[in-house]
Amino acid sequence: MFIPQFAFTRAARLSADCFVLDLQDAVPLAAKAAARAGVIEALRGGLFDGRPVVVRINEADLPELHAADLEACVGLPGLTALMPTMTHGPEELDALHERVAALELARGLPRGHTRFLPLLETPAAVLEARRMALAGGGRNLGVMLGHGDLFRFTGATAHAELTLSHPRSQVVMAARAAGIEPFDTPYTHVGDRIGLEAHAREGRLHGFTGKCCLHSDQLETVNRCMTPPAAELAWARRVTQAQRQGTLSTLTRKVPGLAAPGASEAPGPSSVNEGMAIVEGQLIGPPHLKAAHRMLALAPPLDPVADENQVVVGRRVSHALERPPTLDDLLPNPYEMTATAGMRDLWVQCFYSHDRIVTSAPFAARLGLTAPGTLPLPFMMGLYLACCMSSTHGAIYHLGFRNARQHAPLRVGDTYRQEIQVRRVRNTGDGKRAVVTTHRRLIRVGDEVPVFTLDKRELYHRQPESFEPSPAAARMEEEERSRAQAFRTTLTQRAQDVLPRAEVGAMPSFDAGALLLHGFARPLGITANLALSTQLLVTHPIHLDHHRFDLGHGRGVVVSGGLVVSMTLAAAARDLHEVLWEELLAADNIRPVAPTQTVGALSYVLSRAPVEGMDGLEELVVKTLGVLDLTPSAELADVPLPRALFTFESERPSAYDEFCRQHGLQALEGRVVCVATRRIVRIRA
């Protein structure tokens, strides 16, 4: 904490880790001599009671003041370090080292007795940060970033993350390379606690050991933000506990002839950072172990509890399925949800549609989907209701859907519940995971009519046994297919009656083998992702918890798999419009998508056929690829794409990347996020 002379006595009672007594910028020229005398009096009088004290001295460009400061401070009892100011290069610190050494010799002090904490506050000093950290004859115990004069010289905006990022990184890297400590610049808006907290957290993310304070009100916030938080300390304790228990000996045990240390052995000095294994889904190795041990060394000591009856330990409620799934097992699911107009509005704001059954209340009413003046729920919203509002049963990752079918109109105001039945379990070849397929039925509460069905595929931990669907499941599948077909027939017959003749021939025609490069591409924003996840009862923390998972700008948090499929199909909706009925045959989530990442699409028409007995309607089977941060109409125009891309089948991102490399498709490598195949009935040209 920086303190002026008049506040010495009061400041000494504060909880700062170190005090910086200022003889430079905060002291007017007429008061320099008095301030110097005050520093001498405070240190000789033991005012700070052995706590670290640094004196910020005047720059060498003011030779008389600079010399007077050195004359007064070198050898003072209780002085921890001098803070050189306005330095431009390492040569200045080396020259200061020699001047201080001469004073030490004259006063009978050992060479190097006086330490330095240089303030890097000029562009030249920041650019020379590594040499500055190594200069000064080995006297540097750390370096401190100062942004006030730095930004005065550069003209940059103070306290801006963008302008501070490079100087911060430069100073931290230089200090760590020299084996000394980096300290962050102060936050000068002393009344802005929210800004201070953000500033301090940014400093800790960069790796600073500590941070300057200018006012006593800043101390509590800075101490809290620069101290490892409880979540990180808990992680560090779990990692070090795993090491003590021998869990991190996985790799060692696999090396022939090398005995792994037993769990009961305490790690010695040579092995304290050894070990590698996966702990709670994270690969833990020597760098993580070193970080964990360092973090625990910095943590405040835990006070032992004198009376265990006076404390309570929290319980983490588990929503995972505790018993292994069995064939045709019905999983518990207590939720019911009424689909409100607000929920529908949110959905259509996030997922584009150009189909009149979604956008026109009169058209939807003429098809018998809703009452006059209201709109039905979109197909993909029905799909999402059929798969999202369920208890979390312990799935690791969403893989995709199969056979998603609508059986009846989906209406605002209706209440729905979900029935979940286990259909298939397949343990993976590596013996660590299992692909579990559950059958989801969205049932309208009141008359118990199934309105939507699908199969959802998820990745779980390995299960006791694998099994295929039962004969009863096959019979149910056939019944549901018949009901979905009956809904299609009813809908298309009504469409035939209500479509004006003038509309036939107005729509663009797409033959089998046609490739559509869609021009519509957009992200799902952080706020929209949170709103959809909240309203539709998505509970997995990786979709919601930005505190734990956000790596910056929403990355790390993952958009739910069903929403990624919806983004992909929405990107195709402007070109493949006037859809009256659809069935999602298969959809695979290839790789995660973060909020703020843009999803575009390209579609390949696998087949085209007329709808029997229905003039003006056609049936298309279309395969749509969702692509990340790419607008196909602009970036894939005139690029020949192999037809094999649209018949290629895989659920692994590496397989798609390898395919792209083999066919020279650099524009698509690492970008395929979703593959969805639909059968649609639309107004034909």
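You'll find the structure just up there.
Predicted, not measured: the structure shown is a model, and the values here were computed from it.

## Concerning the overall build of the chain
When you go through the chain residue by residue, the secondary structure sums to 23 helices and 23 strands. Here the chain has a C-alpha radius of gyration of 34 Å; the compact-globule value for 685 residues is 26 Å, and the former is much larger. A principal-axis box enclosing the C-alpha atoms of the chain has dimensions of 110 × 60 × 55 Å. Buried residues in the chain amount to 48% of all 685 residues. Carbon and sulfur atoms make up 55% of the accessible area of the chain, which amounts to about 32000 Å² in all. For the chain, the distance from the average site of its 71 positive side-chain charges to the average site of its 74 negative ones is 3 Å.

## Let's talk about the sheet that holds strand β5 (residues 115-116)
Sheet strands pair by backbone hydrogen bonding; their relative direction is either parallel or antiparallel. Across the sheet, which stays open at both edges, the five strands sit in the order β1-β2-β3-β4-β5 with parallel pairing between neighbours. The open sheet is flanked by β1 (2-3) and β5, the only strands paired with a single partner. Across two bridges, strand β4 (residues 81-83) lies against β5 in parallel orientation. Within β5, the residue paired with Ala 81 across the bridge is Arg 115.

## Examining the pattern of salt bridges
For the structure on display, the rule yields 44 salt bridges. We note a salt bridge from Lys 211 to Asp 184, for which the minimum N-O separation is 3.0 Å. With Lys 211 in strand β9 (residues 210-211) and Asp 184 in strand β8 (residues 181-184), this residue pair connects regions lying 27 residues apart in the sequence. Residue Lys 211 is classed as buried on the basis of its relative accessible area of 11%. By relative accessible area, Asp 184 is classed as buried at 0%. Here Arg 481 ties to Glu 478 by a salt bridge, and the two come within 3.7 Å at their closest N and O atoms. Highlighted residues: Arg 481 and Glu 478, both in helix α18 (residues 471-498), separated by three residues, approximately one helical turn.

## Things to note about unusual backbone geometry
Unusually for a residue other than glycine, Asp 328 sits at a positive phi of about 65°. Residue placement: Asp 328 occurs in the loop between α13 (286-298) and β12 (330-331).

## As for a nonpolar patch on the surface
On the surface, Met 276, Ile 278 and Leu 283 cluster together to form a nonpolar patch covering roughly 290 Å² of accessible area. With respect to the helices and strands, Ile 278 occurs in strand β10 (residues 277-279). Here Ile 278 falls in the exposed class, since its relative accessible area comes to 58%.

## With respect to the sheet that holds β8
If you trace the four strands from one edge of the open sheet to the other, you get β6-β7-β8-β9, paired in parallel fashion. Each having just a single partner strand, β6 (119-120) and β9 make up the two edges of the open sheet. On the sheet, helix α8 (residues 161-178) packs against β6, β7 (142-145), β8 and β9 and is oriented at approximately 155° with respect to β8.

## Thoughts on the packing of helix α11 (residues 230-244) against α13
Viewed as axis vectors pointing N to C, α11 and α13 meet at an angle of 120°, and their least axial separation amounts to 9 Å. Judged on the interaxial angle alone, α13 and α11 are oblique. Crossing hand, α11 versus α13: left-handed. Touching Glu 232, Leu 233, Trp 235, Ala 236, Arg 237, Val 239, Thr 240 and Gln 243 of α11 are His 288, Leu 289, Ala 292, His 293, Met 295 and Leu 296, all from α13.

## Remarks on the state of the cysteines
In the structure shown here, the tally under the stated rule is zero disulfides. There is no disulfide at Cys 350, and the cysteine sulfur nearest it, in Cys 388, is 14 Å away. A relative accessible area of 6% means that Cys 350 is categorised as buried.

## Brief notes about the nonpolar core
Among the nonpolar cores identified, the biggest contains 53 residues, and Ile 3, Leu 21, Val 39, Phe 48, Val 55 and Leu 82 are the most heavily contacted of them. Top element by residues in this core is α8. It accounts for five residues. When near neighbours in sequence (up to four residues on either side) are disregarded, Leu 82 contacts Val 54, Val 55, Ile 57, Leu 70, Cys 73, Val 74, Val 100, Thr 114, Arg 115, Phe 116 and Leu 117. With 47 residues, the next largest nonpolar core counts Leu 377, Val 451, Ala 587 and Cys 674 among its residues.

## Regarding helix α9 (residues 193-206)
In a regular helix each residue adds 1.5 Å, so 14 residues correspond to 20 Å; α9 covers 20 Å between its end C-alpha atoms and thus fits that length. Burial in α9 covers these residues: Gly 195, Leu 196, His 199, Ala 200, Glu 202 and Gly 203. Along the long axis of α9, the arc covered by the buried residues comes to 160°, so they all point the same way. Seen from the buried face of α9, the exposed residues on the opposite side, beyond 90 degrees, are Arg 193, Ile 194 and Leu 205. Looking at the buried positions of α9, the neighbouring elements they touch are α8, β8, β9 and α10 (219-226). Where α9 starts, the residue carrying a side-chain oxygen 3.4 Å from the main-chain nitrogen of Ile 194 turns out to be Asp 192. Two residues or fewer past α9, Gly 207 is found with a positive phi of approximately 110°.

## A look at the side chain of Asp 657
Tracing the backbone through its elements, the reader meets Asp 657 in helix α23 (residues 653-662). When near neighbours in sequence (up to four residues on either side) are disregarded, Asp 657 contacts Arg 591, Glu 669 and Gly 670.

## Focus: the packing of aromatic side chains
According to the stated counting rule, one finds nine aromatic pairs in the structure shown. Taking 4.5 Å as the distance between ring centres and 35° as the angle between the ring planes, the aromatic pair formed by Tyr 352 and Phe 520 counts as tilted. A residue pair is termed long-range when its members are at least 10 positions apart, and Tyr 352 in the loop between α14 (341-350) and α15 (356-359) and Phe 520 in the loop between β18 (515-517) and β19 (522-523) qualify at 168 residues. Taking the centre distance of 5.0 Å and the plane angle of 35° together, the rings of Phe 648 and Phe 659 count as tilted. Highlighted residues: Phe 648 in the loop between α22 (632-635) and α23 and Phe 659 in helix α23, separated in sequence by 11 residues. What links up through ring pairs into an aromatic cluster is the set Phe 8, Phe 19 and Phe 48. Above the plane of the ring of Phe 153 lies Arg 152, whose end atom (NZ or CZ) is 4.4 Å from the centre. The residue whose ring lies beneath Arg 356 is Phe 363, and the NZ or CZ to ring-centre distance is 4.4 Å.

Reading the values: the criteria
- Residues numbered from 1 in each chain as written.
- Predicted model: local features only at pLDDT ≥ 70, side-chain atom pairs only at ≥ 80, totals over all residues.
- Heavy atoms only, no water.
- Helix = DSSP H or I, 4+ residues; strand = E, 2+ residues; numbered from the N terminus.
- Rg over C-alpha atoms; globule rule 2.2 N^0.38 Å.
- Buried < 20%, exposed > 50% of the residue type's maximum accessible area, 1.4 Å probe, protein only.
- Areas by Shrake-Rupley, 256 points an atom, 1.4 Å probe, with all protein chains shown as cover.
- Lys, Arg positive; Asp, Glu negative; His and termini not counted.
- Charge placed at Lys NZ, Arg CZ, Asp CG, Glu CD.
- Pairing = 2+ DSSP bridges.
- Salt bridge = Lys/Arg side-chain N within 4 Å of Asp/Glu carboxyl O.
- Patch = residues over 30% accessible without salt bridge, like charges linked within 9 Å, V, L, I, M, F, W, Y side chains within 5 Å.
- Contact = heavy atoms within 4.5 Å.
- Axes fitted to C-alpha atoms, helices over the stretch in contact; angles between N-to-C directions.
- Parallel < 35°, antiparallel > 145°, perpendicular 65-115°, else oblique.
- Left-handed = near helix turned anticlockwise from the far one by under 90°.
- Disulfide = S-S within 2.5 Å.
- Core = buried A, V, L, I, M, F, W, Y, C linked by side-chain atoms within 4.5 Å.
- Expected span 1.5 Å × (residues − 1).
- Arc of directions from axis to C-beta.
- Polar contact = N/O pair within 3.5 Å; in protein donor to acceptor, adjacent residues only side chain to side chain.
- Phe/Tyr/Trp six-rings, centres within 6.5 Å; stacked < 30°, edge-to-face > 60°.
- Lys NZ or Arg CZ within 6 Å of the ring centre and 35° of its normal.

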